[in-house]
Amino acid sequence: MRAGEAARRAGINAATLRYYERRGLLPAPARTPSGHRHYDENAVRFLRAIKEAQAIGFTLAEIEEYLRVARSGPASAALRTRAAAKIDEIDVRIAGLRRMRDELARIVGCACESLDHCTCGAAYLARRGREATVRPSPLHVTNGDSAGNTLRQTALGGAVLPWQDVLHEGPVPAGPRRDLIQARAAFLSASGWGSRRSILASLEDRDRQLVQALKDGHQVVLWFEHDLYDQLQLVDALALAAPNVPELIVVGSFPGRPAFRGLGELTADELETLWSARVPASQDTLAAAVSVWAAVRHPDPSALAAAAQADLPGLPFLGPALLRLLEELPAPGDGLSGTEQRAMQAIAAGAATPVAAFLAEQDLEAAPFLGDAWFFRALAGLGTGPDRLVETQDGDPLPTPPPLGDPRAFARLPLRLTDSGQRVLDGLEDRVALLGLDRWLGGTHLTPAAAWRWDPAARLLIEPGRPR
């Protein structure tokens with residue numbers, strides 16, 4: 001089709017189409033033998049997409065940046081923050097449209113003699129925009145973007161707030177909330193996930209949205225799963241919410257999915273079936289969450305070990321998740337964390353690359369919780385220094401893992417255990433003695449002098465300096 005026809009079908013004028021071409025937004029079209037530009041259906045769809053993006057507030061500069069990232073990647077931290085803000089704006093618009101639709105539906109069914117004197121709550125406009133006596137739209141808090149994006153496709157309405165933080169990694173120190181999120185932002189930034197300022201702003205905004213929604217009387221529903229990643233986020237959110245009462249949808253299985261791993265794998269229809277199972281968090285549940293969250297953040301993991309084996313009302317998956325968290329302490333005998341031990345077992349069994357080791361490690365987990373980038377980080381920690389436990393097939397140390405390093409190159413590395421690695425795996429040497437130790441488990445800073453250990457078989461916490 002010619003330029004005029006393409007512009008008409010896309011809902012723009014021909015001058016705008018030419019402008020998009022000059023800016024490089026729209027690729028130069030093919031030409032007919034007579035020299036006329038020829039546009040196809042893909043060009044029309046793309047023009048409509050640009051128009052829709054502008055209609056919800058995207059500038060052409062932002063659209064150009066998104067296109068550049070889509071073609072080359074990865075997205076910058078600033079771009080991800082702006083994209084998240086756009087999602088929030090869109091959610092607000094969707095909530096407003098849903099509210100207006102509900103009001104119009106009430107008008108259709110209104111039996112009052114006059115909308116000006118409507119007593120059934122139907123006439124939103126007649127009320128001059130004042131809210132009807134109906135409950136505000138819900139706020140859905142999820143463990144990340146996957147489940148959140150599917151929730152947006154349901155008929156449940158409301159806004160979605162992803163609670164994104166890998167609380168099983170890095171410092172989760174005791175003290176004021178402000179100090180906590182500053183520590184998290186610094187750690188995540190140093191790990192390659194964006195600038196400290198943008199991450200801090202995102203965490204502050206997340207906290208603010210939850211607290212404000214509860215203060216304003218919105219229905220707040222927490223959607224979480226049974227694994228360690230989710231359970232730590234759940235107690236974080238509950239501790240921040242207390243004493244206000246959110247509702248809970250926390251699951252460890254789903255009918256018809258015997259290999260269920262998380263809400264993110266469910267369809268919109270399947271997520272909607274869980275809505276009727278939501279329950280208000282009891283005061284006992286909130287108190288348990290506050291207590292556990294304090295134990296996670298304490299410099300001494302003794303309270304965490306006690307909490308992992310305590311009765312936690314309303315939180316059936318939290319105990320097993322905390323036991324898995326304790327496995328990230330060095331084990332007696334070999335000094336390996338649970339993740340490190342599974343990684344080395346996978347390599348010893350024939351996993352030839354980091355990707356293969358990651359997939360094998362996931363299969364060894366009762367409830368998989370670890371993302372590939374964080375697994376690669378743990379693997380790289382075993383692959384540095386003269387006494388490294390893992391190396392490439394050429395005998396080289398492992399390079400910097402993603403996101404600081406090249407993700408594709410790291411994922412394809414050919415791996416093997418070193419002689420030291422095999423001895424550690426056999427329990428003949430100690431990982432802490434060979435490689436040292438400098439990492440965090442919640443609020444506990446682990447060093448060679450403060451190497452708390454956990455015996456998973458005996459469920460026993462071993463203090464630093466005691467015989468292993």
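Residues numbered from 1 in each chain as written. Predicted model: local features only at pLDDT ≥ 70, side-chain atom pairs only at ≥ 80, totals over all residues. Heavy atoms only, no water.

## Regarding the overall build of the protein
- The number of helices and strands found in the protein is 19 helices and 13 strands.
- Counting over 468 residues, the protein shows a buried share of 46%.
- Contacts in the protein between residues at least 24 apart in sequence constitute 61% of all its contacts with a sequence separation of at least 6.
- Surface accessibility of the protein: about 22,700 Å² in total, with carbon and sulfur atoms responsible for 54%. (Helix = DSSP H or I, 4+ residues; strand = E, 2+ residues; numbered from the N terminus. Buried < 20%, exposed > 50% of the residue type's maximum accessible area, 1.4 Å probe, protein only. Contact = heavy atoms within 4.5 Å. Areas by Shrake-Rupley, 256 points an atom, 1.4 Å probe, with all protein chains shown as cover.)

## Some words on the sheet that holds strand E7 (residues 279-280)
- Strand order in this open sheet of 5 strands is E4-E3-E5-E6-E7, and the pairing throughout is mixed. The open sheet has two edge strands with one neighbour each: strand E4 (159-162) and E7.
- Across the sheet, helix H9 (residues 228-241) lies against strand E3 (139-142), strand E5 (220-225) and strand E6 (247-251), angled at about 160° from E5, the strand it touches most. (Pairing = 2+ DSSP bridges. Axes fitted to C-alpha atoms, helices over the stretch in contact; angles between N-to-C directions.)

## Brief notes about helix H11 (residues 283-297)
- For H11, which comprises 15 residues, the first-to-last C-alpha distance of 21 Å matches the rise-based estimate of 21 Å (1.5 Å per residue) to within 8%.
- The set of residues buried in H11 consists of Thr285, Leu286, Ala288, Ala289, Val292, Trp293, Ala295, Val296 and Arg297.
- On its buried face, H11 sits against helix H7 (177-190), H9, E6, helix H12 (302-308), helix H13 (318-326) and strand E10 (439-441). (Expected span 1.5 Å × (residues − 1).)

## Remarks on the packing of helix H14 (residues 338-348) against helix H15 (residues 354-364)
- Interaxial distance between H14 and H15 falls to 9 Å at its minimum, and their mutual angle equals 120°. Here H14 is positioned oblique relative to H15, judged by the angle of their axes. As H14 packs across H15, the resulting crossing turns out to be right-handed. Residue-level inspection shows Thr339, Arg342, Ala343, Gln345, Ala346 and Ile347 of H14 in contact with H15, the latter providing Ala357, Ala360, Glu361 and Leu364.
- Partitioned by chemical class, the residues of the contact of H14 with H15 number 6 nonpolar, 2 polar and 2 charged. (Parallel < 35°, antiparallel > 145°, perpendicular 65-115°, else oblique. Left-handed = near helix turned anticlockwise from the far one by under 90°. Nonpolar A, V, L, I, M, F, W, Y, C, P; charged D, E, K, R; others polar.)

## Overview of the nonpolar core
- Core analysis: the largest hydrophobic core is formed by 85 residues, its most contacted members being Val141, Leu222, Leu238, Leu322 and Val390.
- A per-element tally of this core places H9 first, with 9 residues.
- Setting aside chain neighbours within four positions, we find Leu222 in contact with Val141, Leu234, Ala237, Leu238, Pro246, Glu247, Leu248 and Ile249.
- Counting residues in each nonpolar core, the second largest holds 19 residues, with Ala10, Leu25, Ala53 and Ile63 among its members. (Core = buried A, V, L, I, M, F, W, Y, C linked by side-chain atoms within 4.5 Å.)

## Some details on the packing of aromatic side chains
- Under the counting rule described, the total for this entry stands at 6 aromatic pairs.
- Taken together, a centroid distance of 5.3 Å and an interplanar angle of 45° make the contact between Phe376 and Phe410 tilted. Of the two residues, Phe376 is situated in helix H16 (residues 372-382) and Phe410 in helix H17 (residues 407-411); the sequence distance between them amounts to 34 residues. One exposure class covers both Phe376 and Phe410, and it is buried.
- In this structure an aromatic cluster arises from ring pairing among Phe358, Phe375, Phe376 and Phe410.
- Arg206 extends its terminal NZ or CZ atom over the ring of Trp163, reaching a point 4.0 Å from the ring centre. (Phe/Tyr/Trp six-rings, centres within 6.5 Å; stacked < 30°, edge-to-face > 60°. Lys NZ or Arg CZ within 6 Å of the ring centre and 35° of its normal.)

## Some words on the side chain of Asp430
- Inspection of the secondary structure puts Asp430 in the loop between helix H18 (419-425) and helix H19 (431-435).
- We classify Asp430 as buried; its relative accessible area is 7%.
- A distance of 3.3 Å separates the side chain of Asp430 from the backbone nitrogen of Gly335, its partner in a polar contact.
- Of the polar contacts made by the side chain of Asp430, one reaches the backbone nitrogen of Ala433; its length is 3.1 Å. (Polar contact = N/O pair within 3.5 Å; in protein donor to acceptor, adjacent residues only side chain to side chain.)

## Some remarks on the pattern of salt bridges
- Per the counting criterion, the structure on display carries 23 salt bridges.
- Across the salt bridge formed by Arg377 and Glu169, the nearest N and O atoms sit 3.6 Å from each other. Placement of the pair is Arg377 in helix H16 and Glu169 in the loop between E4 and H7, with a sequence separation of 208 residues.
- Classification of Arg377 by relative accessible area gives partly exposed; the value is 36%. (Salt bridge = Lys/Arg side-chain N within 4 Å of Asp/Glu carboxyl O.)

## Focus on the environment of Gln393
- Counting through the fold element by element, Gln393 comes out in the loop between strand E8 (390-392) and H17.
- With residues near it in sequence (within four places) discarded, Gln393 still touches Pro414, Leu415 and Arg416.
- Of note is the side chain of Gln393, whose polar atom sits 2.8 Å from the backbone oxygen of Leu415.

## Points about the packing of H15 against H16
- Here H15 crosses H16 at 110°, and the two axes come no closer than 10 Å. What the angle tells us is that H15 and H16 run roughly perpendicular. Two secondary-structure elements touch here, H15 through Pro354, Val355, Ala357, Phe358 and Glu361 and H16 through Asp372, Phe375, Phe376 and Leu379.
- Residue classes in the contact of H15 with H16 are distributed as 7 nonpolar, no polar and 2 charged.

## With respect to the pairing of E3
- Where burial is concerned, the two faces of E3 agree: the one with Leu139 and Val141 and the one with His140 and Thr142 are both buried.
- Relative to E4, E3 runs parallel, the two sharing 4 bridges. Bridge pairing links His140 to Val160 in E4.
- In terms of handedness, the path from E3 via helix H6 (residues 145-151) over to E4 forms a crossover that is right-handed.
- Bridge count for E3 against E5 is 4 bridges, and the pairing is parallel. (Right-handed = clockwise from strand over helix to strand, strands pointing away.)

## A short note on the confidence of the model for the protein
- Model confidence for the protein is summarised by a mean pLDDT of 87, while 87% of its residues fall at 70 or above.
- Under a pLDDT of 50 for its full length, residues 109-125 has, in the predicted model, 26 contacts with residues more than four places off or in other chains. (pLDDT = per-residue confidence, 0-100.)

## Looking at the pairing of E6
- Of all the 5 residues making up E6, 4 are buried; the element is thus mostly covered by neighbouring parts of the structure.
- At this point the chain moves from E5, through H9, to the parallel E6, and the crossover so formed is right-handed.
- In this sheet, E7 lies alongside E6 in antiparallel orientation, the contact comprising 2 bridges. Residue pairing in the sheet places Leu248 in a bridge with Val279 of E7.

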